[in-house]
Amino acid sequence: MTIIKTKEFILRPITLGDAQGYLECHQDKEAKRNFMSVPKNLKEAEEEINGSIKKGLTWVIEVNKKFAGFVHLELNNNPKYKHSALVGFGIHPNFRGKGLATKSLKSITNYGFKKLNLVRISGMCRTFNKASAKVMEKAGYKLEGILRKNKFKDGKYLDDMIWAKVK
């Protein structure tokens, strides 16, 4: 997997050594609201990372050799949809509000279009997740619609926004 270097951060493949930072990205109250499931401990974080390593498309956002977050591209295995992927990201609480999510998303989107020959990259976030919606918009994604009652969590139906960027 490719390492992507910018002046502000490095995007590098995730490793098991990143489990603590990955876990911390998911543990605060705000993050827990936005993810369908979150690792509860280091072992669960390592298991999720192992799954990501097998797929090979999760990068760590590294700033000054510190874990600042992650960004993930999930390729579609269906031959009819191999031109598309789903993107996801999480930022460590210590690095939020600095524009890293937007810049990382732009970098991964460019990588997907240029190196993986994708034609469409989409992402979803809850309708109440204004920060992620802002990231998607700033990265050039367009809101395609609202998926009403798309997920069920903690006894409630949740609406999702679907965002996409096409080549």
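Look up a bit, the structure's there.
These numbers were taken from a predicted model, which means no experiment stands behind them.

J.: Please clarify how the overall build of the chain should be interpreted in this entry.
T.: For the chain, the helix and strand inventory stands at five helices and eight strands. In the chain, the succession of α and β elements from N to C terminus is β-β-α-α-α-β-β-β-α-β-α-β-β. C-alpha extents for the chain along the principal axes are approximately 40 × 40 × 30 Å. Per-residue burial for the chain yields a buried fraction of 43% across its 167 residues. Contacts spanning at least 24 positions in sequence make up 61% of the contacts within the chain whose residues lie at least 6 apart. Looking at the chain as shown, the accessible area adds up to about 9,700 Å², and 52% of this sits on carbon and sulfur atoms.

J.: How do you make sense of the layout of surface pockets when you look at a structure like this?
T.: Space left empty within the atom packing is revealed by a probe, the size of a water molecule, rolled over the atoms. Size it by volume and the largest pocket reaches roughly 1,300 Å³. Elements that contribute at least two residues to the lining of the largest pocket include exactly helix H1 (19–27), helix H2 (29–34), helix H3 (42–55), strand S4 (66–75), strand S5 (84–91), helix H4 (100–114), strand S6 (120–126) and helix H5 (130–138). For the lining of the largest pocket, a count of residues per class yields 18 nonpolar, 14 polar and 11 charged.

J.: So what exactly am I meant to see when it comes to the sheet that holds S5 here?
T.: Either a parallel or an antiparallel arrangement is found when strands of a sheet pair, and the pairing is made through backbone hydrogen bonds. Strand order in the open sheet formed by eight strands is S1-S2-S3-S4-S5-S6-S8-S7, with mixed pairing between adjacent strands. Edge strands, defined here as strands with exactly one partner in the open sheet, are strand S1 (4–5) and strand S7 (142–153). As defined by bridge partners, strand S3 (residues 58–63) adjoins S4 across six bridges and the pair is classed as antiparallel. Its bridge partner lying in S4, Trp 59 is registered against Val 71. Where H1 meets the sheet, its contacts fall on S4 and S5, and the angle it forms with S4 comes to roughly 80°.

J.: Before we go on, may I ask you to explain the packing of aromatic side chains in this structure?
T.: A ring pair, where both rings are aromatic, is described by two values, the distance of the centres and the angle of the planes. Evaluated as defined, the whole model comprises four aromatic pairs. When the centroid spacing of 5.0 Å and the interplanar angle of 45° are considered together, the rings of Tyr 22 and Phe 70 count as tilted. In this pair, Tyr 22 is assigned in helix H1 and Phe 70 in strand S4, connecting sequence segments 48 residues apart. On the accessibility criterion, Tyr 22 (7% relative accessible area) is buried. Through a chain of ring-to-ring contacts, three or more aromatic side chains come together here, namely Tyr 22, Phe 35 and Phe 70. The residue whose ring lies beneath Arg 33 is Phe 128, and the NZ or CZ to ring-centre distance is 3.9 Å.

J.: Just to check I follow, could you spell out the pattern of salt bridges for this structure?
T.: Think of it this way: side chains of opposite charge can pair up when their charged atoms draw near. Inspection of the entire model under this criterion finds nine salt bridges. We note a salt bridge from Lys 103 to Glu 8, for which the minimum N-O separation is 2.7 Å. Here the residue Lys 103 occupies a position in helix H4, and Glu 8 occupies one in the loop between S1 and strand S2 (10–13), the gap between them amounting to 95 residues. The partly exposed category is assigned to Glu 8, whose relative accessible area is 43%. Connected through salt bridges with shared partners, the residues Arg 12, Asp 18 and Glu 62 form a single ionic network.

What counts, and at which threshold
Residues numbered from 1 in each chain as written. Predicted model: local features only at pLDDT ≥ 70, side-chain atom pairs only at ≥ 80, totals over all residues. Heavy atoms only, no water. Helix = DSSP H or I, 4+ residues; strand = E, 2+ residues; numbered from the N terminus. Buried < 20%, exposed > 50% of the residue type's maximum accessible area, 1.4 Å probe, protein only. Contact = heavy atoms within 4.5 Å. Areas by Shrake-Rupley, 256 points an atom, 1.4 Å probe, with all protein chains shown as cover. 1 Å grid on protein atoms, 1.4 Å probe; cavity = no way out; pocket = protein on both sides within 12 Å on 5 of 7 lines; lining within 4 Å. Points joined across faces, edges and corners; volume = space filled by probe spheres on them. Nonpolar A, V, L, I, M, F, W, Y, C, P; charged D, E, K, R; others polar. Pairing = 2+ DSSP bridges. Axes fitted to C-alpha atoms, helices over the stretch in contact; angles between N-to-C directions. Phe/Tyr/Trp six-rings, centres within 6.5 Å; stacked < 30°, edge-to-face > 60°. Lys NZ or Arg CZ within 6 Å of the ring centre and 35° of its normal. Salt bridge = Lys/Arg side-chain N within 4 Å of Asp/Glu carboxyl O.

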